[in-house]
Each structure stands twice: as C-alpha cells, then as structure tokens.
Amino acid sequence: MKSFFILEGGYLVIAFIILLITIFVSTRPFMAKGSLKKGLISVTIVLSFFIGLHFWVTTNRMNEVRGAFNNNKDILCESRMQRKVAQTVTVNKSNEWYMNGDNFASPHYNREFHSARCIVR
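Small disclaimer: the values here were computed from a predicted structure and weren't measured.

Caption draft 1: Structural view of the overall build of the chain. Helix and strand content of the chain: two helices and six strands. Each helix and strand of the chain, placed in order from N terminus to C terminus, yields the pattern α-α-β-β-β-β-β-β. For 121 residues, the compact-globule estimate of 2.2 N^0.38 gives 14 Å, and the C-alpha radius of gyration of the chain, at 20 Å, exceeds that figure by more than 25%. Nonlocal contacts in the chain, meaning residues at least 24 apart in sequence, comprise 51% of its contacts between residues at least 6 apart. Summed over all atoms, the accessible surface of the chain reaches about 8300 Å², with 64% contributed by carbon and sulfur. Distance between charge centres in the chain, computed from 15 positive and 7 negative side chains, equals 14 Å.

Caption draft 2: The nonpolar core, seen in detail. Counting 11 residues, the largest nonpolar core is built from V65, A68, F69, I75, C77, V89, V91, W97, F104, F113 and C118. When contributions to this core are tallied by element, the ones reaching two or more residues are helix 2 (35-70), strand 1 (75-78) and strand 2 (88-91). Top element by residues in this core is helix 2. It accounts for three residues. Apart from the residues lying within four places of it in its own chain, the contact partners of F69 are I75, V91, N92, K93, W97, Y98, M99 and F104.

Caption draft 3: Focus on the state of the cysteines. Going through the model one piece at a time under the given rule, you end up with one disulfide. Residue C77 pairs covalently with C118 via a disulfide, S to S 2.0 Å. The sign of the S-S torsion, about 105°, decides the handedness of the disulfide formed by C77 and C118: right-handed. Of this pair, C77 sits in strand 1 while C118 sits in strand 6 (residues 118-120), placing them 41 residues apart in sequence. Residue class for C118 comes out buried when judged on its relative accessible area of 1%.

Procedures and definitions
- For every chain, the first residue of the written sequence is number 1, and numbering continues from 1 along that sequence.
- In keeping with the predicted nature of the model, local features appear solely for residues at pLDDT of at least 70, side-chain atom pairs appear and are counted solely at 80 or more, and the whole-chain, interface and lining totals rest on all residues.
- Side-chain calculation: all heavy atoms of the structure are included, whereas hydrogens and water are not.
- Note on conventions: DSSP H or I runs of at least 4 residues are helices, E runs of at least 2 residues are strands, and numbering of each starts at the N terminus.
- For the radius of gyration, the atoms used are the C-alpha atoms, and the globule rule reads 2.2 Å times the number of residues raised to 0.38.
- Here a residue-residue contact requires only that any non-hydrogen atoms of the pair lie within 4.5 Å.
- All accessible areas in this document rest on Shrake-Rupley with a 1.4 Å probe, and a residue is counted as covered only by the protein chains that are shown.
- The charged-residue count follows a simple rule in which Lys and Arg add positive charge and Asp and Glu add negative charge, with His and chain termini not counted at all.
- By convention, the point assigned to a charge is CZ for Arg, NZ for Lys, CD for Glu and CG for Asp.
- By nonpolar core is meant a set of buried Ala, Val, Leu, Ile, Met, Phe, Trp, Tyr and Cys residues that side-chain atoms within 4.5 Å join together.
- Burial classes follow relative accessibility: with a 1.4 Å probe on protein chains only, a residue under 20% of its type's maximum area counts as buried, one over 50% as exposed, and anything between as partly exposed.
- Disulfides are defined as pairs of cysteine sulfur atoms found within 2.5 Å of each other.

Next up, the structure:
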C-alpha cells in the first residue's frame, strides 16, 4: 500500500481536485436534481479506473526492470540532475549498481533512481 501512495500520490491529489470541481459544478442552480450523485459516481469510477490502470502498468514495468537487472541487462533511468545533456543513466549490475528496495544505487553515483522511472534497454 505504501508503494501505491508513493507512485500515485500526485494523481490522487489531482483526482481530489477534480472531485471538488465536480461537486462545485453539479451543485449550481442550473444543474438538474440528482446531478451531484450522478456526477460524483461517474467521475469517481473513471478516475479510479485510470489511477488503478496507471498503478498496474507502473508496477508491471518495475517488475520487468527488476528482472532484467537481475539478469544483468542494461537499464535506462531518467536523470533529472542535468536537463540538457545525459538525461539518462545506464544501470547495470556489472557497474557496481545494486537494488536498495525499489531504488537503484551505486557507490559511484550521488543519488538513487526509483525503478518506476526506468526502462529496460
């Protein structure tokens, strides 16, 4: 459950704001009776579906990356330190990288990379 909130936290905040907007719009005098209930139910179902789908896709990619790393394949991770040059870092077990939970770490690199932000080369 912790990884769900780590991976989907931003999307949950956006979904909450969308629900607040739905409440505001559906309670206006020009809206039909029952629009609050219909609006909240339909928007909640759609948002839940897309957030759940994103979590499923992300965790599947994380498992694929973890398996490839254990099989000594190259992993590309997004580097946000330098935006102009070298936006990816190649991670490989043979280059002294190791898994620290869901993060890739190396004694030669000053930060860790979450496996959700990596892909198999």
